Amino acid sequence: MAVIHPAAPAVSPDALVERLRSAVRRDGTRAITRAVQGHLTEVLGGCGLELDERFFEPRPDTYARRLLHRDEELELTVVVMTWGPGQHTPVHDHAGIWCVEGVVEGMMEVTQLELVEETAGGCCRFVEQVHSVAGVGSSGALIPPFEYHSLGNALDDRPSVTVHVYGGEMERCSVFEPQPDGTYLRSAKSLSYHD
């Protein structure tokens, strides 16, 4: 007779942070991002991440950025983002800060780009390198390998939730607005948290 075990409880934010703290103590960005990605995949693809209800509330005007954890000593920041149906970012960078993203709920569309030309006036041309749709439990390094990317909720009927782990505090970035001729115009954007 088979014994059915109850599902294991979701991983708490504190338990996830402890795993991430061990990952960022590794040497080199690639080793760090691989370890972070491994922890996110294991947690999100397994029992899931236990989050308060506020992390699941979308905003009508833009995706929500909510701080989950900040560790200045280890230069580690964990942010939960909630995406309303169809919400996307413009093409943007992370000002050189590495980032690993994991999908908590829903489906995310990720497009990674390579900058191939920039004029003195901030007019840029990009070449798409990777385009993917990721579901619950998926995780991947946004930076490295590519500094430029866009993200968005692939679902038109319900929110998606992601967790982003940064190698520092991301207070600003460059965003790139599409122009009629197929180029993108660079501008600076300050970032803040919601709630």
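Keep in mind the model is a prediction, meaning the values are calculated, not measured.

With respect to the helices, strands and loops of the structure, R21 is situated in helix α1 (residues 13-23). Since its relative accessible area comes to 18%, R21 is described here as buried. Ignoring sequence-local partners within four residues, the contact set of R21 consists of D71, L74 and L76.

A few words now on the packing of α1 against helix α2 (residues 29-45). Relative orientation of the contacting elements α1 and α2 amounts to 160°, with a least axis distance of 8 Å. Classified by the angle between their axes, α1 and α2 sit roughly antiparallel to one another. Between α1 and α2 the crossing geometry is right-handed. Contacts from L16, R19, L20, S22 and A23 in α1 reach I32, A35, V36, H39, L40, E42 and V43 in α2. Partitioning the contact of α1 with α2 into residue classes produces eight nonpolar, two polar and two charged.

Overall, the prediction assigns the protein chain a mean pLDDT of 93, with 96% of residues at 70 or greater. Scored below 50 in pLDDT, residues 1-6 makes zero contacts in the model with residues more than four places away or belonging to other chains.

Let's shift gears to unusual backbone geometry. The linkage connecting I143 with the following residue, P144, adopts the cis geometry, with an omega of -5°. Following P144, the chain continues into P145 via a peptide bond in cis, with omega recorded as 15°. Within the chain, E75 stands out as a residue other than glycine whose phi angle is a positive 50°. The backbone phi angle of A95 is positive, close to 50°, even though this residue is not glycine. Within the secondary structure, A95 sits in the loop between β3 (91-92) and β4 (99-105).

On to α2, then. In a regular helix each residue adds 1.5 Å, so 17 residues correspond to 24 Å; α2 covers 23 Å between its end C-alpha atoms and thus fits that length. The complete set of buried residues in α2 reads I32, T33, A35, V36, H39, L40, V43 and L44. Down the axis, α2 shows its buried residues gathered within 160° of arc, on one side only. For α2, exposure combined with an orientation more than 90 degrees from the buried face picks out R34, E42 and G45. Where the residues of α2 are buried, they touch α1, β4, β7 (139-143) and β9 (160-166).

What follows deals with the sheet that holds strand β1 (residues 64-71). Hydrogen bonds along the backbone pair up the strands of a sheet, which may run parallel or antiparallel. Spatial ordering of the open sheet is given by β1-β2-β9-β4-β7, a layout of five strands whose pairing is antiparallel. Looking at which strands have only one partner, the edges of the open sheet turn out to be β1 and β7. Strand-to-strand twist across the sheet, computed as the mean angle between neighbouring axes with direction ignored, equals 25°. Note that β4 and β7 share four bridges and pair antiparallel.

So, on to the nonpolar core. Formed by 26 residues in total, the largest nonpolar core has its most connected members in V36, L40 and V165. Sort the elements by how many residues they give to this core and α2 lands first, with six residues. The residues touching V36, leaving out its near neighbours within four places in the chain, are L20, A23, V24, W98, V100 and V165. Within the second largest apolar cluster, 18 residues are counted, among which are M81, C99, V110 and C173.

Under the counting rule described, the total for this entry stands at nine salt bridges. Residue R125 is joined to E117 by a salt bridge in which the shortest nitrogen-to-oxygen separation is 3.4 Å. With relative accessibility at 37%, the residue R125 sits in the partly exposed group. Taking relative accessible area as the criterion, E117 reaches 39% and is therefore assigned partly exposed.

Conventions adopted
- Residues numbered from 1 in each chain as written.
- Predicted model: local features only at pLDDT ≥ 70, side-chain atom pairs only at ≥ 80, totals over all residues.
- Heavy atoms only, no water.
- Helix = DSSP H or I, 4+ residues; strand = E, 2+ residues; numbered from the N terminus.
- Buried < 20%, exposed > 50% of the residue type's maximum accessible area, 1.4 Å probe, protein only.
- Contact = heavy atoms within 4.5 Å.
- Axes fitted to C-alpha atoms, helices over the stretch in contact; angles between N-to-C directions.
- Parallel < 35°, antiparallel > 145°, perpendicular 65-115°, else oblique.
- Left-handed = near helix turned anticlockwise from the far one by under 90°.
- Nonpolar A, V, L, I, M, F, W, Y, C, P; charged D, E, K, R; others polar.
- pLDDT = per-residue confidence, 0-100.
- Expected span 1.5 Å × (residues − 1).
- Arc of directions from axis to C-beta.
- Pairing = 2+ DSSP bridges.
- Core = buried A, V, L, I, M, F, W, Y, C linked by side-chain atoms within 4.5 Å.
- Salt bridge = Lys/Arg side-chain N within 4 Å of Asp/Glu carboxyl O.

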